Amino acid sequence: MTTFVKCDSYERAQVEAAVEKAWSQLGGIGKFVKPGMRVLVKPNLLRDATPEEAVTTHPEVVRACVKKLLAIDAKVTVGDSPAFVANLAKVWKTTEIQDVCAELKVPLVSLEQQGCTACEQNDLHFSLCNEALDAELILNLPKVKTHGLTLLTAAAKNLYGLVPGHLKTQLHKTHPSANRFGELIRGIARKLPRVVTIADGVVGMEGDGPSSGTPVQLGFLAAGTDVFELDYHLCGVLGFAPSQVPTLHGTPAPQPATGDAIRVAPLKRPHASQLSMLDKLPKFLVRWIGRFIWFRPVISTACVHCGRCVKACPVEALKLDDAAPKLEASRCIGCCCCSEICPVKAITIMSSPLVRLAERF
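Residues numbered from 1 in each chain as written. Predicted model: local features only at pLDDT ≥ 70, side-chain atom pairs only at ≥ 80, totals over all residues. Heavy atoms only, no water.

> Would you mind showing me how to read the overall build of the chain here?
In terms of helices and strands, the chain carries 13 helices and 16 strands. Burial statistics for the chain: of 361 residues in total, 57% are counted as buried. Taking the contacts inside the chain whose residues are at least 6 apart along the sequence as the reference set, 73% of them involve residues at least 24 apart. A total accessible area of about 15,000 Å² is found for the chain, and carbon and sulfur atoms account for 53% of it. (Helix = DSSP H or I, 4+ residues; strand = E, 2+ residues; numbered from the N terminus. Buried < 20%, exposed > 50% of the residue type's maximum accessible area, 1.4 Å probe, protein only. Contact = heavy atoms within 4.5 Å. Areas by Shrake-Rupley, 256 points an atom, 1.4 Å probe, with all protein chains shown as cover.)

See the structure below:
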């Protein structure tokens, strides 16, 4: 089930009313949460961005959701595993999630520091944080954004944060294409305990998301009991075809969403939105034409030489020198990890001439 609730600002009373309405339209919070239940609240804390940058879940949404859980005596923990190169203390402080947890007296944890367990799902191999596996319910609080690899990052993609930070890099290396990465996300989602999602779409991100795009007013919260169903309906609202979102491949069309009717202008797509082009070609063509289809980072003069992109690259395609990070193009797999982690939006993704030509038609 998926439902939409209008919410056009982060004013506290309005967010709390929208969260209350979302739970009500799902059947009431008591349908999912009982007193004493262990609930992990999982926001999107990609990097140390302020709430106004629309990179991370807004603290007012986290506050309203945690308060609702505490009101029925749930045992609440808030946690995420940001990109492994992020300064965790700075992430917590800058996103203002630290203030929310201190105010409400709930633990804020680094999920990877709680230990992890190796998992297998349909021949996929990955590790998940124990805090997630041990929870009786995961309250998934994604930010609605575009994404260079998966086009949309919302309910399903937010669960990738339950993989320990340092292991995300290896998984990007072993699942470099959009289709393979989408299959991985589906495997992760199906290995977890029950997940209920409340997506922060009050202000989302368009363009070169999930970190370097532009904030855009959307005016809603979206809630659901199935991450794929919720993302499917988000595609309809945002102007995307579900078939273009690799995390949704193979998932059936759901029943209609309920709640408020939401109308927004179609989101601007990331420049790398066609990263899945090779996935659509017959295998016998890939070896020949693949060299003409690529996506590579371009680093502007805004670069502050922090080195995060170099550390985040899963294939060591970037090297830091005295001027700016340098790319070894032959190693790049177009995963966009460098762009995701850049704190000053100095990295854009450039597509090959063939891709740019294809985008005209």
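> Explain the pairing of strand β2 (residues 38-43) here, please?
On a regular strand, one side chain projects to one face of the sheet and the next to the other, so that they alternate. Counted residue by residue, β2 has five buried out of six residues, so it is predominantly covered. One ladder, built from four bridges, connects β2 with strand β3 (residues 75-80); its direction is parallel. By the bridge assignment for β3, Val 41 is matched with Val 78. Between the parallel pair β2 and β3, the chain is carried across by helix α2 (residues 59-70), and the sense of this crossover is right-handed. Where β2 and strand β7 (residues 137-141) come together, five bridges link them in parallel fashion. What sits directly across from Val 39, in β7, is Leu 137. (Pairing = 2+ DSSP bridges. Right-handed = clockwise from strand over helix to strand, strands pointing away.)

> I'm lost on the packing of aromatic side chains in this one. Help?
Two aromatic rings are characterised by how far apart their centres lie and by the angle between their planes. Under the criterion given, the structure shown has three aromatic pairs. A ring pair is formed by Phe 4 and Phe 220, whose centres lie 5.6 Å apart and whose planes are at 70°; its orientation type is edge-to-face. One end of the pair, Phe 4, is in strand β1 (residues 2-6); the other, Phe 220, is in strand β11 (residues 214-224), with 216 residues separating them in the sequence. For Phe 220, a relative accessible area of 0% translates into the label buried. Aromatic pair Trp 23 and Phe 32: ring centres 5.9 Å apart, planes at 50°, arrangement tilted. In this pair, the class of Trp 23 matches that of Phe 32, namely buried. (Phe/Tyr/Trp six-rings, centres within 6.5 Å; stacked < 30°, edge-to-face > 60°.)

> In this structure, what is going on with the packing of helix α1 (residues 12-25) against α2? I would like to understand it.
Each pair of packed helices gets described by two things: the angle between the helix axes and the distance between those axes. At a minimum axis distance of 9 Å, the contact between α1 and α2 shows a crossing angle of 55°. When the axes of α1 and α2 are compared, the pair comes out oblique. Remark: the crossing between α1 and α2 carries right-handed chirality. Where α1 approaches α2, its residues Arg 12, Val 15, Glu 16, Val 19, Glu 20 and Trp 23 are matched on the opposing element by Glu 60, Val 61, Arg 63, Ala 64, Cys 65, Lys 67 and Lys 68. (Axes fitted to C-alpha atoms, helices over the stretch in contact; angles between N-to-C directions. Parallel < 35°, antiparallel > 145°, perpendicular 65-115°, else oblique. Left-handed = near helix turned anticlockwise from the far one by under 90°.)

> I'm lost on empty space enclosed by the protein in this one. Help?
The method is simple in principle: a probe with the dimensions of a water molecule rolls over the atoms, and the space it marks as empty is what remains. Taken as a whole and judged by the stated rule, the model has four cavities of 30 Å³ or more. Roughly 340 Å³ of internal volume is contained in the largest cavity. Contributing to the lining of the largest cavity are 25 residues, with Leu 46, Lys 157, Tyr 160, Lys 168 and Glu 340 lying nearest its centre. Those elements giving two or more residues to the lining of the largest cavity turn out to be β8 (143-147), α6 (155-158), α7 (165-174) and α12 (337-341). Looking at the lining of the largest cavity element by element, the count peaks at four residues for α7. Taken together, the residues of the lining of the largest cavity break down into 10 nonpolar, nine polar and six charged. (1 Å grid on protein atoms, 1.4 Å probe; cavity = no way out; pocket = protein on both sides within 12 Å on 5 of 7 lines; lining within 4 Å. Points joined across faces, edges and corners; volume = space filled by probe spheres on them. Nonpolar A, V, L, I, M, F, W, Y, C, P; charged D, E, K, R; others polar.)

> What am I meant to see in the pattern of salt bridges here?
What the rule picks out here adds up to 12 salt bridges. A salt bridge links Asp 80 to Lys 42; its shortest N-O distance comes to 3.1 Å. Of this pair, Asp 80 sits in strand β3 while Lys 42 sits in strand β2, placing them 38 residues apart in sequence. As far as burial versus exposure is concerned, Asp 80 and Lys 42 are alike and both buried. Put simply, Asp 48 and Lys 90 hold a salt bridge, and the shortest N to O gap is 3.6 Å. In this pair, Asp 48 is assigned in the loop between β2 and α2 and Lys 90 in helix α3 (residues 88-94), connecting sequence segments 42 residues apart. (Salt bridge = Lys/Arg side-chain N within 4 Å of Asp/Glu carboxyl O.)

> Looking at this model, I keep getting lost on the side chain of Ser 127. Mind explaining?
One can find Ser 127 in strand β6 (residues 124-129). On the basis of relative accessibility, which here comes to 16%, the residue Ser 127 falls in the buried class. Setting aside chain neighbours within four positions, we find Ser 127 in contact with Cys 116, Thr 117, Ala 118, Cys 119, Leu 162, Val 163, Pro 164 and Leu 167.

> In this structure, what is going on with the nonpolar core? I would like to understand it.
Generally speaking, soluble globular proteins have nonpolar side chains that are buried together. Core analysis: the biggest nonpolar cluster contains 50 residues, and Leu 162, Ile 188, Leu 192, Phe 220, Leu 234 and Leu 238 have the highest contact counts within it. If you list the elements that add at least two residues to this core, you get β6, β9 (151-153), α6, α8 (178-191), β10 (195-206), β11 and α9 (227-238). No other element matches the seven residues that α9 contributes to this core. If we ignore the near neighbours within four places in the chain, the residues touching Leu 234 are Phe 4, Val 144, Leu 152, Ala 154, Phe 220 and Ala 222. Within the second largest apolar cluster, 44 residues are counted, among which are Leu 26, Val 76, Leu 88 and Val 106. (Core = buried A, V, L, I, M, F, W, Y, C linked by side-chain atoms within 4.5 Å.)

> I keep staring at the environment of Pro 246 and nothing clicks. Help me out?
Tracing the sequence through the fold places Pro 246 in the loop between α9 and β12 (258-259). By relative accessible area, Pro 246 is classed as buried at 2%. Once the C-alpha coordinates of Pro 246 and Ala 178 are considered, the two residues, 68 residues apart in sequence, prove to be 6.0 Å apart. Beyond its immediate chain neighbours, meaning those up to four positions away, Pro 246 contacts Leu 149, Thr 150, Ala 178, Asn 179, Gly 182 and Arg 186.

> Explain α9 to me, please; I cannot follow it from the model alone.
Owing to its 3.6 residues per turn, the α-helix brings residues three or four apart onto one side. End to end, α9 covers 16 Å across 12 residues, agreeing with the expected 16 Å (1.5 Å per residue, within 8%). Judged by how many residues are buried, α9 sits mostly within the fold: 10 of 12 residues are covered. Looking at α9, one finds that the buried residues are Val 227, Phe 228, Glu 229, Leu 230, Asp 231, His 233, Leu 234, Cys 235, Val 237 and Leu 238. With a side-chain oxygen lying 2.9 Å from the backbone nitrogen of Phe 228, the N-terminal cap of α9 falls on Asp 226. (Expected span 1.5 Å × (residues − 1). Polar contact = N/O pair within 3.5 Å; in protein donor to acceptor, adjacent residues only side chain to side chain.)

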